[in-house]
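Below, each chain spelled out in residue letters.
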Amino acid sequence: MSKITAAITAVGSYVPDFVMTNKILETLVDTNDEWITTRTGIKERRILKGEGLGTSYLAIKAAEQLLEKSKLDPKEIDLIIVATATPDMMVAATAAYVASEIGATNAFAYDLQAACSSFLYGMSTAASYIESGRYKKVLLIGADKMSSIIDYTDRTTCIIFGDGAGAALFEPNSEGLGLQDEYLRSDGVGRNFLKMDAGGSLLPASEETVKNRQHFIYQDGKSVFKFAVTNMADSAAKIMERNNLSHDDVDWLIPHQANKRIIDATSNRMGLEDSKVMMNIQRYGNTTSATLPLLLSDYETQLKKGDNLVFAAFGGGFTWGSIYLKWAYNS
Ligand code: UT7
């Protein structure tokens, strides 16, 4: 009997309509289009507007697009994982609500949080359930409403992040396609460099924390940049080496969209030409858990069965790593 691998068999995505351009940000903080473009590669990002709409709204839309495209009956889904750093609420699992709303009445569901590496880690989790034979259809959704934790008076963070969601369905494959190898790491030294101080068990919400703006993201950008550049490039290089992949063998790099300079450093280290590097940071900014599935969705029509894909991500915690996956279908 051939080994069961976990393949991605469908993708979907959603970004909200409102486009927050660099020009709009110029009216909010002391910044300019030239600085943002040269330092990050970002030109615009999407923001979810409207009362009472949380991350679940984005996740549901992405899942619904996947269901529609793939003609999958939601009742067949065994498990839904929502990878997110901005759940609807601290306690009630966002994924459970998403599952009910899309009609996945036979699924169980939970959230997974590893900051910007949430989707990457989620790929490992989803694939493990499939490889073990325990479940047949696992829907992994990466979704974040970053605008809910961004301080639009802080020019060091508000120019970077945006809202969005992407979804990927994992199913068993007997042709050897799907997830091949992973190299995942974390280091708690990072928790002081990229964080939201208040609202967790360490510092519960109070009048004081609100007054001190501690429910917004704080980032020591320069330090995070150094760790991110080194670790994203190292882990991608390691995955290539471990699997005897030369730059010619790699068809696509799917890098977390945090900063174009970090993406360029990673692809240079891998020896890849730009045409093999997926990039949409200019349109969406950093959507945290949604960057990788948004790329898959945007580039889906260019992907061919058997293509070698290398994913790489880095995020708060610190969390980071790389995954090697063989694409399983032509669209
Ligand atoms: O996704 C999770 C992981 N996150 C990342 O990977 C993000 C990693 N970090 C970065 O991408 C970059 O560090 C940033 C884009 C956040 C910042 O770029 P940088 O090149 O590291 O800039 P910097 O923080 O060193 O700041 C350079 C200068 C400073 O001015 P002085 O001290 O040189 O006078 C800042 O005050 O740029 C200034 N600055 C800005 N100027 C205009 C900082 N933010 C802005 C801004 N507009 N928005």
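Here the structure is a predicted model, which is why all the values come from computation and not from measurement.

Rules used in this analysis
Residues numbered from 1 in each chain as written. Predicted model: local features only at pLDDT ≥ 70, side-chain atom pairs only at ≥ 80, totals over all residues. Heavy atoms only, no water. Helix = DSSP H or I, 4+ residues; strand = E, 2+ residues; numbered from the N terminus. Contact = heavy atoms within 4.5 Å. Near = heavy atom within 4 Å. Polar contact = N/O pair within 3.5 Å; in protein donor to acceptor, adjacent residues only side chain to side chain. Areas by Shrake-Rupley, 256 points an atom, 1.4 Å probe, with all protein chains shown as cover. 1 Å grid on protein atoms, 1.4 Å probe; cavity = no way out; pocket = protein on both sides within 12 Å on 5 of 7 lines; lining within 4 Å. Sits in = over half its atoms within 2 Å of the grid points. Pairing = 2+ DSSP bridges. Axes fitted to C-alpha atoms, helices over the stretch in contact; angles between N-to-C directions. Phe/Tyr/Trp six-rings, centres within 6.5 Å; stacked < 30°, edge-to-face > 60°. Buried < 20%, exposed > 50% of the residue type's maximum accessible area, 1.4 Å probe, protein only. Expected span 1.5 Å × (residues − 1). UniProt positions renumbered as here; feature names shortened; annotations may be inferred.

Engineer: Where do I start with the environment of tryptophan 320 in this structure?
Structural biologist: One can find tryptophan 320 in strand 13 (residues 319-326). Along the backbone, tryptophan 320 and glutamate 101 are 219 residues apart, and their C-alpha atoms lie at a distance of 31 Å. Filtering out sequence-adjacent residues up to four positions away, tryptophan 320 remains in contact with Ser117, Leu120, Tyr121, Tyr183, Leu184, Arg185, Ser186, Asp187, Asn231, Ser235, Ala313 and Phe314.

Engineer: When you look at the site of the ligand in this model, what are you seeing that I'm missing?
Structural biologist: Around the ligand lies a shell of 23 residues, among which Thr31, Arg39, Lys222, Asn259 and Asn286 are the nearest. One of the backbone N or O atoms of glycine 221 is found 3.0 Å from an oxygen atom in the ligand. Interatomic distance of 2.9 Å between a side-chain N/O atom of histidine 256 and an oxygen atom of the ligand. Protein contact buries 75% of the 950 Å² of open area that the ligand shows by itself. With respect to the pocket detection grid, the ligand is positioned in the second largest pocket.

Engineer: Whenever I open this one, the sheet that holds strand 1 (residues 5-14) confuses me. Can you help?
Structural biologist: The pairing of strands in a sheet comes from backbone hydrogen bonds and takes either a parallel or an antiparallel form. Strands sit in the order 1-7-6-4-5 across an open sheet of 5 strands; the sheet is mixed. The sheet terminates laterally at strand 1 and strand 5 (108-112), the two strands that pair on one side only. If you compare each strand with its neighbour and ignore which way they point, the axes differ by 20 degrees on average. Bridge count between strand 4 (residues 79-83) and strand 5: 5 bridges; the pairing is parallel. Among the inter-strand pairings, leucine 79 is bridged to a residue of strand 5, identified as phenylalanine 108.

Engineer: Sorry if this is basic, but what is going on with the packing of aromatic side chains here?
Structural biologist: The geometry of an aromatic ring pair is captured by two quantities: the separation of the ring centres and the angle between the planes. Taken as a whole and judged by the stated rule, the model has 12 aromatic pairs. For the pair tyrosine 14 and tyrosine 57, a centre-to-centre distance of 6.0 Å together with 75 degrees between the ring planes defines the contact as edge-to-face. Pair noted here: tyrosine 14 is in strand 1 and tyrosine 57 is in helix 3 (residues 55-70), with a separation of 43 residues, a long-range link. Accessibility expressed as a relative area gives 18% for tyrosine 14, which makes it buried. Owing to a relative accessible area of 27%, tyrosine 57 belongs among the partly exposed residues under this scheme. Pairing phenylalanine 108 with tyrosine 110 gives two aromatic rings, centres 6.2 Å apart and planes at 35 degrees, and the pair type is tilted.

Engineer: Please clarify how the environment of threonine 209 should be interpreted in this entry.
Structural biologist: Take threonine 209: it is sitting in helix 6 (residues 207-211). Residue class for threonine 209 comes out buried when judged on its relative accessible area of 2%. Residues threonine 209 and serine 118, spaced 91 residues apart in sequence, show a C-alpha to C-alpha distance of 26 Å. Leaving out residues up to four positions away in the same chain, threonine 209 has contacts with Ala198, Leu203, Pro204, Gln214 and His215.

Engineer: Hey, could you run me through helix 3 in this one?
Structural biologist: With 16 residues, helix 3 should cover 22 Å at 1.5 Å per step; its first-to-last C-alpha distance of 23 Å lies within 8% of that length. Buried within helix 3 we find Thr55, Ser56, Leu58, Ala59, Ile60, Ala62, Ala63, Leu66 and Leu67. Buried residues belonging to helix 3 abut strand 1, helix 4 (94-101), strand 6 (138-145) and strand 7 (163-173). The positive-phi residue at the C-terminal boundary of helix 3 is lysine 71, with phi of around 55 degrees.

Engineer: Would you explain the UniProt feature "domain: Beta-ketoacyl-[acyl-carrier-protein] synthase III N-terminal" (unreviewed entry) in the chain in this entry?
Structural biologist: In this numbering, the UniProt entry assigns the feature "domain: Beta-ketoacyl-[acyl-carrier-protein] synthase III N-terminal" (unreviewed entry) to residues 110-188. Annotated as 18% helix and 39% strand, the span residues 110-188 places its first and last C-alpha atoms 24 Å apart.

Engineer: Would you mind going over the UniProt feature "active site" (unreviewed entry) in the chain with me for this structure?
Structural biologist: UniProt annotation of "active site" (unreviewed entry) refers to Cys116, His256 and Asn286 when read in the numbering used here. Judged by maximum C-alpha separation, these annotated positions cover 171 residues in sequence but sit close together in space, the widest gap being only 8.8 Å. The subset of these annotated residues that lines the largest pocket comprises Cys116. For histidine 256, the residues in contact, after removing those within four places along its chain, are Cys116, Met232, Ile263, Asn286, Thr288, Thr291, Leu292, Ala312, Ala313 and Phe314. Inspection of the secondary structure assignment puts asparagine 286 in the loop between helix 9 (281-284) and helix 10 (291-299). Classification of asparagine 286 as buried rests on a relative accessible area of 3%. Residues within four places of asparagine 286 in sequence aside, it is in contact with Ile42, Cys116, Met146, Ile160, Phe161, Gly162, His256, Gln257, Ala258 and Thr291.

Engineer: Teacher, can you tell me more about helix 7 (residues 221-242) here?
Structural biologist: Note on helix geometry: an α-helix contains 3.6 residues per turn, so any two residues three or four positions apart are oriented the same way. Relative to the 32 Å expected for 22 residues at 1.5 Å per residue, helix 7 spans 31 Å between its end C-alpha atoms, a close match to the ideal helical length. Along helix 7, the residues that are buried comprise Ser223, Val224, Ala228, Asn231, Met232, Ala233, Ser235, Ala236, Ala237, Ile239 and Met240.

Engineer: I'm lost on unusual backbone geometry in this one. Help?
Structural biologist: Leaving glycine out, the prevailing phi sign among residues is negative, and the prevailing peptide bond configuration is trans. Looking along the chain, the bond that leaves glycine 317 and enters phenylalanine 318 is cis, with omega of 0 degrees. Mapped onto the elements of the fold, phenylalanine 318 is located in the loop between strand 12 (308-315) and strand 13. Positive phi is not limited to glycine here, since arginine 213 has a value of about 55 degrees. The residue arginine 213 is located in the loop between helix 6 and strand 10 (218-219) in this model. Arginine 213 gets classed as partly exposed once you look at its relative accessible area, which sits at 42%. Notably, asparagine 244 is not glycine yet its phi reads approximately 55 degrees, a positive angle.

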